[in-house]
Amino acid sequence: WGANKLILSSLKNGPMRKEIEAQGGLKLIYIDPPFDVGADFSMNIEIGDESFTKQPSVIEEVAYRDTWGKGADSFIAMIYERLKLMHDLLAEDGSIYVHCDWRVNSYMRLILDEIFGKDNFKNEIIWYYKLGMKARSRKFHSHHDNIYWYVRDKDNFTFNEVRIPLENPIKRPKLKFDS
């Protein structure tokens, strides 16, 4: 319900902190924060010949608000506070994966570099998805999101390699270069 800052603060400073520390901290954090899409999550509903707009409830307003009307600095302040708390809760050998898109990825990368350190950036996962093409556009189409992977300690982290066998691997021809 949008209370993640309160929950993170209670994990860091509350009675569960001792248990988290006894377990060595959180090993894995994945977050999918708002992308600053400007949506207010209200919806138009048609019933028969009548239509009305369903406004978000107070809980939905708080939980799912994704309108950063105060500009990028309000988004940066919001996400910085939360990522700082997550960093403090992360185990020495822990990892964080942060999902974002083109609207906030440049801010996110700078904030993560600031909090975790540039040397603790391990990789960027490009999450490609196929969408229908728009007939006309004045820009390249966006067909991917980014997932940034940072670790608490660049020399002490867990990585489980994932290998998915391809049924029909693509074989590329060998290129020949003239000297």
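Q: Help me understand the pattern of salt bridges in this model?
A: Should the charged atoms of two oppositely charged side chains come close, the side chains can pair. Here the structure, examined in full by the defined rule, presents 11 salt bridges. Linking Arg 17 and Glu 21 is a salt bridge whose minimum nitrogen-to-oxygen distance equals 2.8 Å. You can see Arg 17 and its partner Glu 21 sitting in helix H2 (residues 16-22), four residues apart, about one turn around the helix. With a relative accessible area of 48%, Glu 21 lands in the partly exposed category. Salt bridges here are not isolated pairs; linked through shared partners, they connect Lys 5, Glu 81 and Arg 82.

Q: Looking at this model, I keep getting lost on the layout of surface pockets. Mind explaining?
A: Summary: where empty space remains is shown by rolling a probe the size of a single water molecule over the atoms. Here the second largest pocket is characterised by a volume of approximately 260 Å³. Within the residue set of the lining of the second largest pocket, elements represented by two or more residues are strand S1 (26-31), strand S4 (90-100) and strand S5 (121-128). Per element, the largest residue contribution to the lining of the second largest pocket is three residues, and it comes from S4. Partitioned by chemical class, the residues of the lining of the second largest pocket number six nonpolar, four polar and three charged.

Q: In this structure, what is going on with the pairing of strand S6 (residues 144-151)? I would like to understand it.
A: In the case of a regular strand, side chains alternate between the two sheet surfaces. By the criterion of burial, S6 is predominantly enclosed, with seven of the eight residues buried. In this sheet, S6 lies alongside S4 in antiparallel orientation, the contact comprising six bridges. Residue pairing for S6: Val 98 is matched across the bridge by Tyr 148. Pairing of S5 with S6 involves seven bridges; the strand directions are antiparallel.

Q: Hey, could you run me through the sheet that holds S1 in this one?
A: To summarise the sheet geometry, strands pair through backbone hydrogen bonds and adopt either a parallel or an antiparallel arrangement. If you walk across this open sheet you meet the four strands as S1-S4-S6-S5, and the pairing is mixed. The sheet terminates laterally at S1 and S5, the two strands that pair on one side only. Neighbour to neighbour, the strand axes of the sheet diverge by 15 degrees on average, direction disregarded. Sitting on the sheet, helix H4 (residues 72-89) is in contact with S1 and S4, with an inclination near 150 degrees to S4. Contacts between helix H5 (residues 105-116) and the sheet are confined to S4, S5 and S6, with S6 contributing the most and set at about 5 degrees to the helix.

Q: Which parts of the structure should I look at to understand the packing of aromatic side chains?
A: By convention here, two paired aromatic rings are described through the distance between centres and the angle between planes. Evaluated as defined, the whole model comprises six aromatic pairs. Its guanidinium or amino end placed over the ring of Phe 121, Arg 109 lies 3.6 Å from that ring's centre, counting from NZ or CZ. Above the face of the Trp 102 ring, Lys 139 is positioned so that its terminal group lies 4.6 Å from the ring centre.

Q: It is not clear to me how H5 should be interpreted in this structure. Could you clarify?
A: Each full turn of the α-helix corresponds to 3.6 residues, which orients residues three or four apart in the same direction. In a regular helix each residue adds 1.5 Å, so 12 residues correspond to 16 Å; H5 covers 16 Å between its end C-alpha atoms and thus fits that length. Taken together, the buried positions of H5 are Asn 105, Met 108, Ile 111, Leu 112, Asp 113, Ile 115 and Phe 116. Where H5 is buried, its residues touch H4, S4 and S6.

Basis of the calculations
- Residues numbered from 1 in each chain as written.
- Predicted model: local features only at pLDDT ≥ 70, side-chain atom pairs only at ≥ 80, totals over all residues.
- Heavy atoms only, no water.
- Salt bridge = Lys/Arg side-chain N within 4 Å of Asp/Glu carboxyl O.
- Helix = DSSP H or I, 4+ residues; strand = E, 2+ residues; numbered from the N terminus.
- Buried < 20%, exposed > 50% of the residue type's maximum accessible area, 1.4 Å probe, protein only.
- 1 Å grid on protein atoms, 1.4 Å probe; cavity = no way out; pocket = protein on both sides within 12 Å on 5 of 7 lines; lining within 4 Å.
- Points joined across faces, edges and corners; volume = space filled by probe spheres on them.
- Nonpolar A, V, L, I, M, F, W, Y, C, P; charged D, E, K, R; others polar.
- Pairing = 2+ DSSP bridges.
- Axes fitted to C-alpha atoms, helices over the stretch in contact; angles between N-to-C directions.
- Contact = heavy atoms within 4.5 Å.
- Phe/Tyr/Trp six-rings, centres within 6.5 Å; stacked < 30°, edge-to-face > 60°.
- Lys NZ or Arg CZ within 6 Å of the ring centre and 35° of its normal.
- Expected span 1.5 Å × (residues − 1).

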